[in-house]
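Examination of the molecular architecture
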Amino acid sequence: HVQLVESGGGLVQAGGSLRLSCAASGNFFSINVMGWYRQAPGKQRELVAAVTSGSSTNYADSVKGRFTISRDNAKNTLYLQMNSLKPEDTAVYYCNADALVLTPSPVRSEYWGQGTQVTVSS
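A short tour of the structure in this document, coming up. The structure displayed is predicted, hence computed values, not measured ones. (Residues numbered from 1 in each chain as written. Predicted model: local features only at pLDDT ≥ 70, side-chain atom pairs only at ≥ 80, totals over all residues. Heavy atoms only, no water.)

The subject of this paragraph is the packing of aromatic side chains. Considering all chains together, one arrives at one aromatic pair under this definition. Residues Tyr-37 and Trp-112 carry aromatic rings whose centres are separated by 5.0 Å and whose planes lie at 65° to one another, so their mutual orientation is edge-to-face. Residue Tyr-37 is found in strand 4 (residues 30–39), and its partner Trp-112 is found in strand 10 (residues 107–112); the two are separated by 75 residues along the sequence. Residue Tyr-37 is classed as partly exposed on the basis of its relative accessible area, which comes to 22%. Just above the ring of Tyr-94 sits the side chain of Arg-45; from NZ or CZ to the centre is 3.8 Å. (Phe/Tyr/Trp six-rings, centres within 6.5 Å; stacked < 30°, edge-to-face > 60°. Helix = DSSP H or I, 4+ residues; strand = E, 2+ residues; numbered from the N terminus. Buried < 20%, exposed > 50% of the residue type's maximum accessible area, 1.4 Å probe, protein only. Lys NZ or Arg CZ within 6 Å of the ring centre and 35° of its normal.)

Right under this line is the structure:
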């Protein structure tokens with residue numbers, strides 16, 4: 001299984017910055033795609049950014065130029081650097097990982113973190 005532990009959320013003023021971290025641990029063989037999703041009240045969960053094991057990235061249009069996703073494969077840690085934050089960025093941010101687990105039998109599954117609140121005041 002994979003456990004995802006997030007940190008870095010909080011309250012920040014518009015124009016400020018935050019960096020989210022997500023550390024993956026557990027018994028797994030590899031992690032393919034990792035990503036950040038967010039969900040605002042009354043809204044569907046949406047993809048913010050994703051990165052593959054080969055460091056290919058994808059961003060939602062709303063965050064391009066402001067957010068940067070990265071991963072440290074050696075540490076199995078995912079990051080999201082968020083700059084020029086806007087009130088519209090306020091949401092619960094979730095870490096997601098697609099991992100291959102070998103025991104008790106090989107299975108590829110998605111895992112989710114518990115979510116961390118990001119609040120941007122105007």
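With that out of the way, let us pick up unusual backbone geometry. Across the junction of Thr-103 and Pro-104, the peptide omega takes the value 0°, indicating a cis bond. Mapping Pro-104 onto the fold places it in the loop between strand 9 (91–101) and strand 10. Backbone geometry places Ser-55, a non-glycine residue, at a positive phi of 75°. Among the structural elements, Ser-55 can be located in the loop between strand 5 (46–51) and strand 6 (57–59). For Ser-55, a relative accessible area of 48% puts it in the partly exposed group. A positive phi is found at Ser-84, a non-glycine position, where the angle reads about 50°.

Between side chains of opposite charge, a pair can form as their charged atoms come close. According to the stated counting rule, one finds five salt bridges in the structure shown. In this structure, Asp-98 engages Arg-108 in a salt bridge whose closest nitrogen and oxygen atoms are separated by 4.0 Å. Of the two residues, Asp-98 is situated in strand 9 and Arg-108 in strand 10; the sequence distance between them amounts to 10 residues. Where salt bridges share partners, they join Arg-38, Glu-46, Arg-66 and Asp-89 into one cluster. (Salt bridge = Lys/Arg side-chain N within 4 Å of Asp/Glu carboxyl O.)

By themselves, these are just geometric observations and shouldn't be taken as functional.
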